[in-house]
Amino acid sequence: MTAHEAAPEAVPAGTAPGGAQTATRDALRIERWSIAWMLLAMAVWGWFAFLMLADYGPDVPSYQGPGSVCRGPLFESASQERVCRSYALRQWPSLLGVLALATLATVTAAATMVYAKVLARLAGPPPPS
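Residues numbered from 1 in each chain as written. Predicted model: local features only at pLDDT ≥ 70, side-chain atom pairs only at ≥ 80, totals over all residues. Heavy atoms only, no water.

1. Description of the overall build of the chain
Counting its regular elements, the chain contains two helices and two strands. If you list the helices and strands of the chain from N to C, you get α-β-β-α. Here the chain holds 129 residues, and the buried ones make up 21% of them. A fraction of 54% describes how many contacts in the chain between residues 6 or more apart in sequence connect residues 24 or more apart. Total accessible area on the chain is roughly 9,500 Å²; 67% of this is exposed by carbon and sulfur atoms. (Helix = DSSP H or I, 4+ residues; strand = E, 2+ residues; numbered from the N terminus. Buried < 20%, exposed > 50% of the residue type's maximum accessible area, 1.4 Å probe, protein only. Contact = heavy atoms within 4.5 Å. Areas by Shrake-Rupley, 256 points an atom, 1.4 Å probe, with all protein chains shown as cover.)

2. Some words on a nonpolar patch on the surface
Where nonpolar side chains cluster on the molecular surface, the patch consists of Trp 47, Phe 50, Leu 89 and Leu 101 and spans about 390 Å² of accessible area. You can call Phe 50 partly exposed: its relative accessible area is 48%. (Patch = residues over 30% accessible without salt bridge, like charges linked within 9 Å, V, L, I, M, F, W, Y side chains within 5 Å. Salt bridge = Lys/Arg side-chain N within 4 Å of Asp/Glu carboxyl O.)

3. Looking at the environment of Gly 67
Along the polypeptide, Gly 67 turns up in strand S2 (residues 67-70). For the pair Gly 67 and Gly 57, spaced 10 residues apart in the sequence, the C-alpha separation amounts to 9.1 Å. Not counting the four nearest positions on each side in its chain, Gly 67 is found in contact with Pro 58, Asp 59 and Val 60.

Have a look at this one:
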């Protein structure tokens, strides 16, 4: 190449022919992933709520009708019944682990949703059909 010839210019991403379609396709793909992460986050939050609120343990008859021996950890954090302490998922270390999973899934869902919106904005308006 001589000094008089111009070097080819670098083409920014998304401006080449077909670049807008690629960016739009990527934005839709990431948006689908964000919806999947949101559904997972809702399922884990539901599981956490169930573990915190639902009564558990063997059913025993009482004057009010059959019921469980152990109350949910949100209502009674330190049950004195031996059978209540044998349920590992109802103890605080396990509950905090489920809470950490729920938080991680929620943050990932939010991040992928924001990323999908940014990609859609950078892709520009869809081409006329």
